[in-house]
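# Coordinates in review
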2 protein chains.
Amino acid sequence: MNKIYVAGIGPGAYEQMTVKAAEVIKSCDVIVGYTVYVDLLKEYFPEKEYLTTPMRQETERCRMAFEEAKKGKSAVLVCSGDAGIYGMAGLMFELSKDYPQIEIEVIPGVTAALGGAAVLGAPLGHDCAFISLSDLMTPWAVIEKRLLLAAEADFAICLYNPSSRKRNDYLGKACEVIGRAKSPDTICGIVRNIARNGETMEVLTLDELKDMQADMFSTVFVGNSDTKLIDGKMVTPRGYRIKELTENI
Amino acid sequence: MNKIYVAGIGPGAYEQMTVKAAEVIKSCDVIVGYTVYVDLLKEYFPEKEYLTTPMRQETERCRMAFEEAKKGKSAVLVCSGDAGIYGMAGLMFELSKDYPQIEIEVIPGVTAALGGAAVLGAPLGHDCAFISLSDLMTPWAVIEKRLLLAAEADFAICLYNPSSRKRNDYLGKACEVIGRAKSPDTICGIVRNIARNGETMEVLTLDELKDMQADMFSTVFVGNSDTKLIDGKMVTPRGYRIKELTENI
């Protein structure tokens, strides 16, 4: 049985890849991916064979990888961040019925929520929710419902795909919904270009966040009611009783 | 200014560590951590100096690391999974006011939700929530509220700390709460000993999950209303319209 890998390569820097992802990319014959991420990999693995498809051609990209494996080549489909969190692993399994002779192995990676959190401090130190603001595949009504319920549950929230050219007001809309259940003073953060050139981070309040302009390389964090600003970092304590615990030391 | 690292080492296997985490552990003078995770590291980095504290002595463990850095040693505090998701990064920032001369750098890692998801297939392919069932630091009322709202929001859910000796009925209690808003047929999964000896996975329904016995090395996944079983794997599609998209290929 041929094997095909679906590997998360982390936010972008070679060193934020797992040892396993780097080994698999090194050892495979063909690397398949979205043009932008493949360009990052070419820097680290210049001698490999690459196949790319542009954005939104996810199904074609998956089939391209399966076809290479079918030919007997060892192939890895690469995803930015993790292979599963808003990645291609699910679509690969959905398409796998057409390629019964090929086994899929998923290699996890550091998703943007984790990579961005490390830059901001520790914004996701307690229960949290990841919500994508892209309505390309999900009706806005579902997104809005999730934002509101996540806010009511006092989750720390990480927003993926907070904006794009066509959706440049979505972050503001999302903050308005979250603001129905969270205080305008809630500590929030934005990280741009995680682990890449031009990485920036900013900590601000929910009220300030709603007027910010994010782009498709931004990841946005909204704290819970315990999240605080410590020396420029966004920190969500691990539990509600940590305050008592640390006071007694 | 001295620097101290807080590094997520992933689920346990060396190869699931990031390249950066492995490099930092290799280069630091002292590695501080919880006994169980340090024992894993000793296999891969036998020549290092290790300092450990048992479970629940998190504050002591953090201070131990700071004290080493204060002495001028390069130190890394290691966490299983990610440094931020239920990790030590937040507590380090909370204690940092006592060590103003030491800078903290957080190194993200593959948290159990991501590592376990890769074993099960792609259970977290769409919006998701992470909830810990440990009521050591969080009142059960808060946990219950989050479980119910996450279920109402139709999030895919990953449950951390689903059980322990003292809390062996918590997974059942959590399933009962989730079952108020999700169908008993919802596809769920359990992974034990992710990326370690004795790794196992099982896909089952929510109704079956409520009678399962988890342990402290288990991570539990509850699907959303679109999650399906494909060839033994638990798969949550990336979006609500993916069905139409893939039907037209």
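For the structure itself, consult the block above.
My aim in this report is to walk through the structure given alongside it, one point at a time. Bear in mind the structure is a predicted one, so any value in this text is a computation, not a measurement.

### Some words on the overall build of chain A
- When helices and strands are tallied, chain A shows nine helices and 13 strands.
- Since a compact globule built from 249 residues should have a radius of gyration of about 18 Å, the 20 Å found for chain A is in line with a globular shape.
- Taking the principal axes of its C-alpha atoms as reference, chain A extends roughly 60 × 45 × 30 Å.
- Put simply, chain A has 249 residues, and 61% of those count as buried.
- Counted over contacts in chain A with a minimum sequence separation of 6, partners at least 24 positions apart contribute 68%.
- Carbon together with sulfur atoms contributes 48% to the accessible area of chain A, which is approximately 9,500 Å² in total.
- Here chain A carries 28 positive and 34 negative side-chain charges, and the mean point of each set is 4 Å from the other.

### Quick word on the pattern of salt bridges
- Tallied over the full model, the rule gives 32 salt bridges over all chains.
- Put simply, Asp-127 of chain A and Arg-146 of chain B hold a salt bridge, and the shortest N to O gap is 2.8 Å. Of this pair, Asp-127 of chain A sits in the loop between strand 6 (121-122) and strand 7 (128-132) while Arg-146 of chain B sits in helix 6 (residues 140-152), which puts the two residues in different chains. Each member of the pair, Asp-127 of chain A as well as Arg-146 of chain B, carries the same accessibility label: buried.
- A salt bridge links Lys-3 of chain B to Glu-105 of chain B; the shortest N-O distance between them is 2.6 Å. Within this pair, whereas Lys-3 of chain B is found in strand 1 (residues 2-8), its partner Glu-105 of chain B is found in strand 5 (residues 102-107), the two being separated by 102 residues in sequence.
- By relative accessible area, Lys-3 of chain B is classed as partly exposed at 30%.

### As for the relation of the copies chain B and chain A
- Once chain B is rotated about the relating axis by 180 degrees and shifted along it by 0.0 Å, it coincides with chain A to within an RMSD of 0.0 Å. Viewed as a symmetry operation, the transformation between the two copies matches a two-fold axis.
- The fraction of interface residues of chain B whose copies in chain A are also interface residues reaches 100%, indicating that both copies meet through the same surface.

### A few points about the sheet that holds strand 13 (residues 233-235) of chain B
All names here are of chain B.
- Here we have three strands laid out as an open sheet, ordered 6-13-12, and mixed in their pairing. Looking along the sheet, the strands with just one partner apiece sit at the ends: strand 6 (121-122) and strand 12 (228-230).
- Pairing geometry for strand 12 and strand 13, over three bridges, is antiparallel. When the bridges of strand 13 are listed, Lys-228 appears paired with Val-235.

### Thoughts on the interface of chain B and chain A
- Between chain B and chain A, the contact holds 70 residues from the first and 71 residues from the second.
- Interface area for chain B against chain A, summed over the two sides, is near 6,000 Å², with a carbon-plus-sulfur share of 64%.
- Of all residues in chain B, Met-137, Arg-146 and Arg-238 of chain B give up the largest surface area on contact with chain A, accounting jointly for 14% of the area buried on that side.
- A salt bridge links Glu-15 of chain A to Lys-20 of chain B, with the shortest nitrogen-to-oxygen separation between them at 3.8 Å.
- If you look at where chain B meets chain A, you find 26 residue pairs in polar contact (both at pLDDT 80 or more).
- The element best represented in the side of chain B that touches chain A is helix 6 of chain B, accounting for six residues.
- A per-class count over the side of chain B that touches chain A returns 35 nonpolar, 18 polar and 17 charged.
- Across three bridges, the pairing between strand 7 of chain A and strand 7 (residues 128-132) of chain B is antiparallel. Residue pairing in the sheet places Phe-130 of chain A in a bridge with Cys-128 of chain B of strand 7 of chain B.

### A short note on the nonpolar core
- Core analysis: the largest hydrophobic core is formed by 55 residues, its most contacted members being Leu-147 and Leu-209 of chain A together with Leu-147 and Leu-209 of chain B.
- With residues up to four places along the chain from it excluded, the contact list for Leu-147 of chain A reads Ile-131, Leu-133, Trp-140, Leu-159, Ala-174, Val-177 and Ile-178 of chain A.
- With 44 residues, the next largest nonpolar core counts Tyr-86 and Ala-113 of chain A together with Tyr-86 and Phe-130 of chain B among its residues.

### Digging into a nonpolar patch on the surface
- A grouping of Val-36, Met-55, Met-216 and Phe-217 of chain A is seen on the molecular surface, where their side chains present a nonpolar patch of about 340 Å² in accessible area.
- Exposure remark for Phe-217 of chain A: the relative accessible area of 38% places this residue in the partly exposed category.

### Considering empty space enclosed by the protein
- Counting across every chain of the model gives one cavity of 30 Å³ or more.
- By volume, the largest cavity is sized at about 30 Å³.
- Every residue lining the largest cavity is listed: Asp-82, Ala-83, Gly-84, Val-106 and Pro-108 of chain A together with Leu-114, Ala-117, Ala-118 and Gly-121 of chain B.
- A total of three residues in the lining of the largest cavity trace back to one element, the largest contributor, which is helix 5 (residues 112-120) of chain B.
- Here the residues of the lining of the largest cavity are counted per class, giving six nonpolar, two polar and one charged.

### Quick look at the pairing of strand 4 (residues 75-79) of chain A
Residue and element names in this part refer to chain A.
- Counting buried residues along strand 4, five of its five residues qualify, which places the element largely inside the surrounding structure.
- Here strand 4 shows no split at all, with Ala-75, Leu-77 and Cys-79 on one side and Val-76 and Val-78 on the other all buried.
- As paired elements, strand 1 (residues 2-8) and strand 4 share five bridges and run parallel to each other. For Val-6, the partnering residue across the bridge sits in strand 4 and is Leu-77.
- By the bridge criterion, three bridges tie strand 2 (residues 30-34) to strand 4 in an arrangement that is parallel.

### Details of the sheet that holds strand 8 (residues 156-160) of chain B
- As summarised here, the arrangement of the 10 strands in space is 10(A)-9(A)-11(A)-8(A)-7(A)-7(B)-8(B)-11(B)-9(B)-10(B), forming an open sheet in which the pairing is mixed. In the strand order of this sheet, the two ends are held by strand 10 (200-205) of chain A together with strand 10 (200-205) of chain B, each with one partner. Ignoring strand direction, the axes of neighbouring strands in this sheet form an average angle of 15 degrees.
- In this structure, strand 8 of chain B lies alongside strand 11 (residues 218-222) of chain B, joined through three bridges in antiparallel fashion. Looking at strand 11 of chain B, one finds that Leu-159 of chain B is bridged to Val-220 of chain B.

### Describing the packing of helix 6 of chain B against helix 7 (residues 170-178) of chain B
Residue and element names in this part refer to chain B.
- With their axes 8 Å apart at the nearest point, helix 6 and helix 7 run at an angle of 45 degrees to one another. Between helix 6 and helix 7, the angle is such that the two are oblique. Read as a crossing pair, helix 6 and helix 7 show a hand that is right-handed. Of helix 7, the residues touching helix 6 (which contributes Trp-140, Glu-144, Leu-147, Leu-148 and Ala-151) are Tyr-170, Lys-173, Ala-174, Val-177 and Ile-178.
- The residue makeup of the contact of helix 6 with helix 7, split by class, is eight nonpolar, no polar and two charged.

Reading the values: the criteria
Residues numbered from 1 in each chain as written. Chains lettered and ligands numbered in written order. Predicted model: local features only at pLDDT ≥ 70, side-chain atom pairs only at ≥ 80, totals over all residues. Heavy atoms only, no water. Helix = DSSP H or I, 4+ residues; strand = E, 2+ residues; numbered from the N terminus. Rg over C-alpha atoms; globule rule 2.2 N^0.38 Å. Buried < 20%, exposed > 50% of the residue type's maximum accessible area, 1.4 Å probe, protein only. Contact = heavy atoms within 4.5 Å. Areas by Shrake-Rupley, 256 points an atom, 1.4 Å probe, with all protein chains shown as cover. Lys, Arg positive; Asp, Glu negative; His and termini not counted. Charge placed at Lys NZ, Arg CZ, Asp CG, Glu CD. Salt bridge = Lys/Arg side-chain N within 4 Å of Asp/Glu carboxyl O. Least-squares fit on C-alpha atoms with pLDDT ≥ 70 in both. Pairing = 2+ DSSP bridges. Buried area = accessible area lost by both parts, 1.4 Å probe. Polar contact = N/O pair within 3.5 Å; in protein donor to acceptor, adjacent residues only side chain to side chain. Nonpolar A, V, L, I, M, F, W, Y, C, P; charged D, E, K, R; others polar. Core = buried A, V, L, I, M, F, W, Y, C linked by side-chain atoms within 4.5 Å. Patch = residues over 30% accessible without salt bridge, like charges linked within 9 Å, V, L, I, M, F, W, Y side chains within 5 Å. 1 Å grid on protein atoms, 1.4 Å probe; cavity = no way out; pocket = protein on both sides within 12 Å on 5 of 7 lines; lining within 4 Å. Points joined across faces, edges and corners; volume = space filled by probe spheres on them. Axes fitted to C-alpha atoms, helices over the stretch in contact; angles between N-to-C directions. Parallel < 35°, antiparallel > 145°, perpendicular 65-115°, else oblique. Left-handed = near helix turned anticlockwise from the far one by under 90°.

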